[in-house]
Amino acid sequence: MALVPMKLILDEANKGEYGVGAFNVNNMEQLQAICDAAAETESPVIIQVSRNALKYADKGLLAAMVRYMAEEKYPHIPMALHLDHGPDIETIKECVELGFTSVMIDGSLDYGTKDEAGKHPPRSFEDNVAITKEAIAVAHAAGVSVEGEIGTLGGIEDDTVAGAVHLTEPDEAEEFVKQTGVDALALAIGTSHGAYKFPVGTEVKLALNIIDDVHKRCPQTALVMHGSSSVPKHMVDEVNKYGGKVPNAVGVPTAMIQDAIKRGMRKVNIDTDGRLAITAAIRKVFTEKPEAFDPRKYLGPARDAVKTWIVEEMKAFGTAGHARDYKPVSLEEMKARYGG
Ligand code: G3H
Ligand code: 13P
Ligand code: ZN
C-alpha cells in the first residue's frame, strides 16, 4: 500500500491501546531491517528521518527507498514516513513535497538562533503554538500528520540556554492541543536522547504520572515518547568487548516503556539502540575477520542484528499482529478529514 498518514497508525494504536515504534533511518540497511521486522511480526511501523539524516542520505533517495518498501515490497504493512525533530517551516515544506506522510515541528526550541555558547534557546509557549500552527497549515493541507512538542528533553535538547530539562506541564499540554489541534504530542517526562540517559547505579526514574494526566485531558491526541532507547547491556558489552568505548551507558528499561504505553504513550522513538546494534555487529566482524573488506560482510550482519532487536521491540510494545487490523487511508482522504 502507499505510505499512510501517521495519524492513522497512531489513532488505531490508541484504540487498541498499544505502542508503535518510530525508528530512525539513515541508510538502506537500517530501513531493510525495520521493514523486515515489521513484515515478520505483522506490525504497523513509523520510519523516521532527522534533519541530519536528510543531509546525510540525499533526502529524495531515502524517501524513494521508503516508498518502495511500502508500495512494492511489503504492501500489506501500514508504514508512515515521518520527519523527526523538524527545525523550521522550510524543512516541513520540503518533506511534504517529498511525500512524507508525517512531520514533527519541534517548536520547543528555536533552531534558528544560538546563544554565545552555541545553544538553541527554548521557545515561549506562544511562539511554540504559533510555529506549530504554521506547520499544521502546511502539512494538513496535504493530509500530512503533525507532531508537536511541549517541554524539553535532554540529549540533543539539553542544548538550551539554561541547559535545563523542562518536564511537560499537563495544563500547558492541554492548552497547546486546544490551540493547535496537533495530531501527536511529544511529552518531556525525564528521558533524554543518546546512550547516557541516567547515572550508572541509580534508580531509573521517569515522570510517568504526566502521561496519565495528559492522556486523560487529551484522549484523542497520540502521545509520543522521545529518547526511548533501552541501551541493552548485551549490546553495550558487545561494542566494548570488540574495542569500543561506550562506558556507563544506561537507557530506559523495556518494562518502563511498557508501563508508559499502558498509561497512554503511543509513539516510541528509538535511534540509539539501532546505532549500538550496528556498531556491535561491525566491530565483531572487524575483530574476528580482519581480512574482510567487502562491506556486505559487515553491513549484512549489522542489518541482521538490527532486525532481530526490532522484532523484540515490536512484540514488547504490543504492535505485533496489528498490521491487518485496518484499511489504509490516503493523504487525499486525510486532507478531506482535516477539512481541506
Ligand atoms: O532525536 C535525535 C535522533 O537520534 C536523530 O539524531 O540528528 O544525529 O540524526 P541525528
Ligand atoms: P534515543 O536516543 O533514545 O534512541 O531517542 C531517539 C529519539 O527520540 C528520536 O527522536
Ligand atoms: Zn527525539
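The model shown is predicted, which means the values in this text are computed figures rather than measured ones.

Parameters at a glance
Residues numbered from 1 in each chain as written. Chains lettered and ligands numbered in written order. Predicted model: local features only at pLDDT ≥ 70, side-chain atom pairs only at ≥ 80, totals over all residues. Heavy atoms only, no water. Helix = DSSP H or I, 4+ residues; strand = E, 2+ residues; numbered from the N terminus. Rg over C-alpha atoms; globule rule 2.2 N^0.38 Å. Buried < 20%, exposed > 50% of the residue type's maximum accessible area, 1.4 Å probe, protein only. Areas by Shrake-Rupley, 256 points an atom, 1.4 Å probe, with all protein chains shown as cover. Lys, Arg positive; Asp, Glu negative; His and termini not counted. Charge placed at Lys NZ, Arg CZ, Asp CG, Glu CD. Donors = N, O, S within 2.8 Å, 3.2 Å for Na, K, Ca; no water. Polar contact = N/O pair within 3.5 Å; in protein donor to acceptor, adjacent residues only side chain to side chain. Contact = heavy atoms within 4.5 Å. Pairing = 2+ DSSP bridges. Axes fitted to C-alpha atoms, helices over the stretch in contact; angles between N-to-C directions.

Caption draft 1: Region of interest: the overall build of the protein. Per the secondary structure count, the protein includes 13 helices and 8 strands. A globule of 340 residues ought to have a C-alpha radius of gyration of about 20 Å, and the protein, at 19 Å, matches this closely. Relative to its full complement of 340 residues, the protein shows a buried share of 56%. For the protein, the accessible area works out to roughly 14,400 Å², and carbon and sulfur atoms hold 52% of it. Within the protein, the 50 negative side-chain charges are centred at a point lying 4 Å from the centre of the 37 positive side-chain charges.

Caption draft 2: The arrangement of the coordination of the zinc ion (ligand 3) in detail. Taken together, the protein donors to the zinc ion (ligand 3) comprise His85 (NE2), His193 (NE2) and His226 (ND1), at separations of 2.0 Å. Motif for the zinc ion (ligand 3), donor spacing along one chain: H-x107-H-x32-H. Linking His85 in strand S3 (residues 79-86) with His226 in the loop between strand S7 (222-225) and helix H9 (233-241), this pair joins segments that are 141 residues apart in sequence. When its relative accessible area of 1% is taken as the criterion, His226 is described as buried.

Caption draft 3: How the structure looks around the side chain of Gln48. With respect to the helices and strands, the residue Gln48 is situated in strand S2 (residues 45-50). For Gln48, the side chain forms a polar contact with the side chain of Lys267, separated by 3.1 Å. Setting aside anything within four residues of it in sequence, one finds Gln48 in contact with Ala22, Phe23, Asn24, Val25, His82, Asp84, Lys267, Asn269 and Ile270.

Caption draft 4: Focus on the sheet that holds strand S1 (residues 20-24). The parallel closed barrel is built from 8 strands, whose spatial order is S1-S2-S3-S4-S5-S6-S7-S8. Put simply, the sheet's adjacent strands are angled 25 degrees from each other on average, direction ignored. With 6 bridges joining them, S2 and S3 adopt parallel strand pairing. What sits directly across from Val45, in S3, is Met79. The strands touched by helix H2 (residues 28-41) are S1, S2 and S3; relative to S2, the strand with the most contacts, the crossing angle is about 165 degrees.

None of the figures reported here should be taken as evidence of function without further support.
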